[in-house]
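For reference, the chains in residue letters:
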Amino acid sequence: MQKKRVVVLISGGGSNLQALIDGVQAGELPVEIVAVISNRPGVLGLERAAKAAIPADVLDHKAFTDRESFDRALMEKIDSYSPDLVVLAGFMRILTPEFTQHYLGRMLNIHPSLLPKFQGLHTHQRAIDAGESHHGVTVHFVTAELDGGPSVVQAWVPVLAEDDATSLAKRVQRQEHIIYPLAVKWFAQGDICMQDGKCVLNGEPLPPSGFLIRSDEP
Ligand code: GRF
């Protein structure tokens with residue numbers, strides 16, 4: 001069977017991109033990462049792509065006067081690679097409805113919180129400030145609502161008394177690097193799809209949290 005074609009969008013370090021590259025290289029992830037596109041030049045994620053011999057492209061949002069024209073140019077660039085799936089991996093842009101509609105059901109995002117809690121930025125500090133016993137990360141299908149589409153998989157980690165945002169972020173990131181390759185694998189195998197605003201896994205609609213993975217190791 002033809003491997004699914006994946007375009008990964010990044011804005012920075014690309015550790016999630018690296019987890020996907022590692023999965024492909026280990027033969028565990030049946031996809032081809034056909035391109036990596038960054039909206040910021042000079043970021044580490046672009047080097048990671050180059051090292052893995054993946055075509056890497058920059059489309060700098062600063063060269064555009066408005067969000068609509070940037071998103072249109074980005075769509076054109078993405079579509080030139082004919083992807084089956086678009087993966088947002090630390091892509092720090094708010095997307096236009098036209099963009100999210102165009103990739104509806106074939107675009108995933110990773111957000112470092114147990115959605116619907118803590119949409120937006122600074123999620124680790126906010127979870128600590130709110131006195132949460134658990135925090136985590138969610139992979140979800142992207143819809144027009146920011147950090148709001150149906151969850152595919154969510155990993156929970158404990159918040160420890162001695163945690164600061166950095167230590168908590170590290171614990172969450174370990175889970176990110178497990179659940180993003182898992183979600184992409186499910187998509188590639190045809191195990192998941194988005195239906196009636198829900199994620200369906202092997203024919204069963206998932207609960208709003210998505211498939212749940214709990215890790216109580218610090
Ligand atoms: C991750 O924490 C992800 O959850 C969030 O942005 C960060 C990206 O990290 N959306 P990296 O660039 O993959 O290292």
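You'll find the structure just up there.
Note that this is a predicted model, so its numbers are computed, not measured.

Draft legend 1. How the structure looks around the site of the ligand. What surrounds the ligand is the set G13, G14, S15, N16, G90, I110, P112, Q173 and E176. Here an oxygen atom of the ligand and a backbone polar atom of N16 are 2.8 Å apart. In the model, an oxygen atom of the ligand is placed 3.4 Å from a nitrogen or oxygen of the Q173 side chain. Surface burial for the ligand is 81%, taken as the share of its 360 Å² of free accessible area covered by protein chains. At the level of elements, helix 1 (15-25) and helix 6 (165-188) are the ones that each hand at least two residues to the shell around the ligand. Among the domains, domain 1 (1-103) and domain 2 (112-218) are the pair contributing at least three residues each to the shell around the ligand.

Draft legend 2. Region of the structure containing the packing of helix 1 against helix 2 (residues 44-51). Interaxial distance between helix 1 and helix 2 falls to 9 Å at its minimum, and their mutual angle equals 15°. Of the possible angle classes, the one that applies to helix 1 and helix 2 is roughly parallel. As helix 1 runs across helix 2, the sense of the crossing is right-handed. On the side of helix 1, the interface is formed by S15, L17, Q18 and I21, while helix 2 contributes G45, R48 and A49. Split into classes, the residues belonging to the contact of helix 1 with helix 2 amount to 3 nonpolar, 3 polar and 1 charged.

Draft legend 3. Highlighting helix 1. Every buried residue of helix 1 is listed here: N16, L17, A19, L20, I21 and G23. Tucked into the core, helix 1 has its buried residues touching strand 1 (4-10), strand 2 (31-38), helix 2, strand 4 (85-88), strand 5 (107-111) and helix 6. Just downstream of helix 1, G27 is the residue with a positive phi angle, here 80°.

Definitions and cut-offs
Residues numbered from 1 in each chain as written. Predicted model: local features only at pLDDT ≥ 70, side-chain atom pairs only at ≥ 80, totals over all residues. Heavy atoms only, no water. Near = heavy atom within 4 Å. Polar contact = N/O pair within 3.5 Å; in protein donor to acceptor, adjacent residues only side chain to side chain. Areas by Shrake-Rupley, 256 points an atom, 1.4 Å probe, with all protein chains shown as cover. Helix = DSSP H or I, 4+ residues; strand = E, 2+ residues; numbered from the N terminus. Domains from an automatic or database assignment. Axes fitted to C-alpha atoms, helices over the stretch in contact; angles between N-to-C directions. Parallel < 35°, antiparallel > 145°, perpendicular 65-115°, else oblique. Left-handed = near helix turned anticlockwise from the far one by under 90°. Contact = heavy atoms within 4.5 Å. Nonpolar A, V, L, I, M, F, W, Y, C, P; charged D, E, K, R; others polar. Buried < 20%, exposed > 50% of the residue type's maximum accessible area, 1.4 Å probe, protein only.

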